Amino acid sequence: MRLVSILICGALVAGCSGGGNKSSGAANPSGSGSQVATQSAGGIWRGFPAANENLSLYIAETGELIVQGSSFATTPPVLTFGTGALIVNNPNDVAGTYRSRSLPPTIPSAGQTCEIDGTVTERSLLEVTIRCTDTAGNMTERNVTLLYDPAYDTDSSLAEIAGNYTVPFRPLTNILNINASGVVFGMLDNGPNCTVNGQVQIIDARFNLYRFELQLSLC
């Protein structure tokens, strides 16, 4: 049995191996007639917004965005998951939005709507300001520097991730199978027992990020 971290609800997931650098920037004409390469924001990005906090952004070449964060300033830790989109305005300005939920859900900032703007250095550095408004109307603003994770550089394929997966501390009740066509079937025990059905899709075969669309039933 192999291990995989999955983000549910139309999520993007990265595999585990590394690789060489790849570029996907497109050339666009400037007013002077010269060619200016638009930077790609695609990648797996890691940063630390504050002490005892970490933040990961999974950005596909399509602009799809998954946000995953954690704060260890409290007990239990607060985990955050978000989905949205991000674009690059020529040549390297980034802008995007996402909505997130936090666990445990009882904290005031459990639900947030966030805006991102900043700059990207392709496959190297992402410097952004993140402004969020929670369900109570409270606003926060943070400047975050995120570094590129080269694990994104590996090619993706359904054959590469086909197999059986489990959670190590509960291996008999959390099982996921992915077949060679990307069809997903499994069981999730997160309190109630759920049957998992879904599909894995390749986003861009040059890069190590996958789209999972999963449905939980019989919970």
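The shown structure was predicted, so the numbers you read here are calculated from the model rather than taken from an experiment.

Participant: Can you help me understand the nonpolar core in this one?
Facilitator: Of all hydrophobic cores here, the largest spans 29 residues; its most connected members are Leu57, Leu126 and Ile130. Elements with a minimum of two residues in this core: strand S4 (43-47), strand S5 (53-59), strand S6 (64-71), strand S8 (93-103), strand S9 (111-121), strand S10 (125-134) and strand S11 (139-149). Tyr165, Leu176, Val184 and Val196 belong to the second largest nonpolar core, which has 10 residues in total.

Participant: Before we go on, may I ask you to explain the sheet that holds S5 in this structure?
Facilitator: Two modes of strand pairing occur in sheets, parallel and antiparallel, and in both the strands are linked by backbone hydrogen bonds. Read once around its circumference, the closed barrel built from 8 strands follows the order S4-S5-S6-S7-S8-S9-S10-S11, with strand pairing classed as antiparallel. With strand direction ignored, the average angle separating the axes of adjacent strands in the sheet is 25°. Strand direction decides the pairing type here: S5 and S6, joined by 7 bridges, are antiparallel. Bridging across to S6, glutamate 53 finds its partner in serine 71.

Participant: Where do I start with a nonpolar patch on the surface in this structure?
Facilitator: A cluster of nonpolar side chains, Leu79, Phe81 and Leu103, forms an exposed patch at the surface whose accessible area comes to about 240 Å². Relative to the elements of secondary structure, leucine 79 occurs in strand S7 (residues 78-89). Of the residues examined, leucine 79 reaches a relative accessible area of 34% and is grouped as partly exposed.

Participant: Sorry, what's going on with the side chain of serine 71 here?
Facilitator: In this structure, serine 71 sits in strand S6. From its side chain, serine 71 meets the backbone nitrogen of alanine 73 in a polar contact 3.5 Å long. Not counting chain neighbours up to four residues away, the residues in contact with serine 71 comprise Asn52, Glu53, Pro77 and Val78.

Calculation notes
- Within each chain, residues carry numbers counting from 1 in the order of the written sequence.
- With pLDDT at 70 or above as the cut-off, local features in this predicted model cover only qualifying residues; side-chain atom pairs require 80 or more to be listed or tallied, and sums for whole chains, interfaces and linings still use all residues.
- Think of the side-chain values as coming from all heavy atoms in the structure, minus any hydrogens and water.
- Among buried residues, the Ala, Val, Leu, Ile, Met, Phe, Trp, Tyr and Cys ones that are joined through side-chain atoms within 4.5 Å form a nonpolar core.
- Buried residues are those whose accessible area, probed at 1.4 Å on protein chains only, stays under 20% of the maximum for their type, while exposed residues exceed 50% and partly exposed ones sit between those limits.
- Labels follow the DSSP assignment, with helices taken as runs of H or I lasting at least four residues and strands as runs of E lasting at least two, numbered in each case from the N terminus.
- Two strands qualify as a pair provided that DSSP identifies no fewer than 2 bridges between them.
- Angles shown run from 0 to 180 degrees and are taken between the N-to-C directions of axes, each axis being a line fitted to C-alpha atoms and, for helices, limited to the stretch in contact.
- Surface patches are drawn from residues lacking salt bridges whose relative accessible area is over 30%; two like charges belong together within 9 Å, two nonpolar side chains (Val, Leu, Ile, Met, Phe, Trp, Tyr) within 5 Å.
- All accessible-area figures derive from a Shrake-Rupley calculation using a 1.4 Å probe, and residue coverage is judged against the displayed protein chains alone.
- Every case where a carboxyl oxygen of Asp or Glu lies within 4 Å of a side-chain nitrogen of Lys or Arg is listed as a salt bridge.
- Contacts described as polar in this section are N or O atom pairs within 3.5 Å, which, within protein, must combine one atom able to donate a hydrogen with one able to accept it, while residues neighboring in sequence count only if both atoms come from side chains.
- Any two residues whose heavy atoms approach within 4.5 Å are treated as being in contact.

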